[in-house]
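Residue-level structure breakdown
So the chains spell out like this:
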Amino acid sequence: MEHDVFVGVDWGSEQHQVCLLRGPRFEPEQRSFAHSSAGLQDLADWLAARCQGQPERLGVAIEVPHGPVVEGLLERGLAVYALNPKQLDRFRDRHSAAGAKDDRRDALVLADALRTDQRFFRRLVPDDPRVVQLREASRCDEELAREQNGLANRLREQLRRYWPALLAIARDDLVDPFLWALLERYRTPEQALRARPAAATRLLKAHRIRRLSADQVLAALHTPPLRLSPGTAAAASEHVLLLVPRLRLVTAQREQCTARLAALIEELAAPDEDPQSARPTDVAILRSLPGVGTRVLARLLGEAAQPLADRNLAVLRTHGGLAPVTKQSGKSCWVAMRRACSSRLRLAFYPWSFAAMQHDPAARAHYLALRAKGHSHARALRGLMDRLLSVALAMLRDGTFYDPTRRSKSVPDSP
């Protein structure tokens, strides 16, 4: 898209510095706007006045590809482009060999880079409201999982400190309401020595536990306690009783997030209202792939909605960390894993490829072939994910569901 007005926005928590370049002459116009509803409204009005009612003439460059500034400008029909901060740092060197940096200079660098090197920027488009909700719910689920894992690890350490016999009941799963009920009923190992079979049976029945018997539970509860310094068991027990309610709350919230993710995916997977359209939705196609569950699909749609809609394999491979980084000079050549990528998208790719490797014969064969060539487990999974991503985009392009036998059928029989 051709623009003749170029704007750079240096985003800030309280103030946004804006630089505008217009015409062939290099005459920057600088302004600052407060991060408030009135300030963002003034920014939009100022830009609208500069483009004279023709928003297609104006292009806006910004580092952060999300937030109220970006969303407000997109809602007004302006063309907004995002640039990686590392690339902006390289563009900054063109304006100052000494490495000078300030908000006004960064806004100027953004506007000038968009004027001269627009091909390096990524055009932003408004997302479907359901995709926005799916992305937020997926990120909340990720944060809750991290918090749940941290609390479970703290609980494990406390049990190792004063009551290791209960870890045999938990079987390394500390997110267990039955274990929490035991800890709340019997606060110390000394109290658990007085446990009766009837109480253990009631707890097992209340939590529908069949993998354990009352005798096994009583054996763990009646295990002689460790010999510790006076007050150690009581102090650790108080710590545990503070962790259990937090674990219960985080677990319940994560279950709510999972239900919300499933509901949003069902809405996105629903067919179009047009009865003559026989093409399945992208979500329905992606769900047919092996290894794609609710959380993987939510992360994939939330973090890579636009590349999936564009069927852009190169962007997906780069943002997901699948495309390797090659550095070659003279006779030396060095290839390494890409680390400058979206961690959330990589977090979707790894369990996808791992689950596909376990449950799909074709994916398993591809993984084993890579391992036979000497690749590590992680490298083989990245190679498998690369193949799965190519297959997924081909399915989206053709509007077909996953067929595990199609690849073998396409190979001619050997004479």
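Scope of this entry: the structure provided in the associated data block.

Conventions we followed
Residues numbered from 1 in each chain as written. Predicted model: local features only at pLDDT ≥ 70, side-chain atom pairs only at ≥ 80, totals over all residues. Heavy atoms only, no water. Axes fitted to C-alpha atoms, helices over the stretch in contact; angles between N-to-C directions. Helix = DSSP H or I, 4+ residues; strand = E, 2+ residues; numbered from the N terminus. Left-handed = near helix turned anticlockwise from the far one by under 90°. Contact = heavy atoms within 4.5 Å. Nonpolar A, V, L, I, M, F, W, Y, C, P; charged D, E, K, R; others polar. Pairing = 2+ DSSP bridges. Buried < 20%, exposed > 50% of the residue type's maximum accessible area, 1.4 Å probe, protein only. Polar contact = N/O pair within 3.5 Å; in protein donor to acceptor, adjacent residues only side chain to side chain. Phe/Tyr/Trp six-rings, centres within 6.5 Å; stacked < 30°, edge-to-face > 60°. Salt bridge = Lys/Arg side-chain N within 4 Å of Asp/Glu carboxyl O.

**Notes on the packing of helix 9 (residues 197-206) against helix 10 (residues 214-221)**
Direction vectors running N to C along helix 9 and helix 10 enclose 115 degrees, while the axes themselves pass 9 Å from each other. The two elements helix 9 and helix 10 meet at a crossing, and its hand is right-handed. For the pair helix 9 and helix 10, contact is made by Pro 197, Ala 200, Thr 201 and Leu 204 and by Ala 214, Val 217 and Leu 218, respectively. A per-class count over the contact of helix 9 with helix 10 returns six nonpolar, one polar and no charged.

**Digging into the pairing of strand 8 (residues 332-336)**
Relative to strand 8, strand 7 (residues 325-329) runs antiparallel, the two being bridged by five bridges. Each bridged residue has a counterpart across the sheet, and for Ser 329 the counterpart in strand 8 is Ser 332.

**With respect to the side chain of Gln 17**
With respect to the secondary-structure elements, Gln 17 resides in strand 2 (residues 15-22). You can call Gln 17 buried: its relative accessible area is 11%. A distance of 3.0 Å separates polar atoms of two side chains, one belonging to Gln 17 and the other to Gln 30. Apart from the residues lying within four places of it in its own chain, the contact partners of Gln 17 are Gly 8, Val 9, Asp 10, Gln 30, Arg 31, Ser 32, Asp 103, Arg 104 and Ala 107.

**Digging into the packing of aromatic side chains**
Tallied over the entire structure, the rule returns five aromatic pairs. Considering the side-chain rings of Phe 91 and Phe 120, the 6.4 Å spacing of their centres and the 55 degrees angle between planes classify their relative orientation as tilted. With Phe 91 in helix 3 (residues 85-92) and Phe 120 in the loop between helix 4 (103-116) and strand 6 (122-124), this pair connects stretches of sequence that are 29 residues apart. Taken together, a centroid distance of 6.2 Å and an interplanar angle of 15 degrees make the contact between Tyr 350 and Phe 354 stacked. Within this pair, Tyr 350 and its partner Phe 354 are both found in helix 16 (residues 343-359), separated by four residues, close to a single helical turn. You can call Tyr 350 partly exposed: its relative accessible area is 43%. Phe 354 gets classed as partly exposed once you look at its relative accessible area, which sits at 29%.

**Quick word on the pattern of salt bridges**
Summed over the entire model, instances satisfying the criterion amount to 24 salt bridges. Its salt-bridge partner being Arg 94, residue Asp 117 comes within 3.2 Å of it at the nearest N-O pair. With Asp 117 in the loop between helix 4 and strand 6 and Arg 94 in the loop between helix 3 and helix 4, this residue pair connects regions lying 23 residues apart in the sequence. Taking the relative accessible area as the measure of exposure, Asp 117 reaches 10% and is therefore buried. A salt bridge links Arg 211 to Asp 176; its shortest N-O distance comes to 3.2 Å. Taken together, the positions of Arg 211 in the loop between helix 9 and helix 10 and Asp 176 in the loop between helix 6 (165-170) and helix 7 (177-185) put the pair 35 residues apart, joining distant regions of the chain. Ionic contacts of the salt-bridge type, sharing partners, join the residues Asp 89, Arg 90, Arg 92, Lys 101 and Asp 106 into one network.

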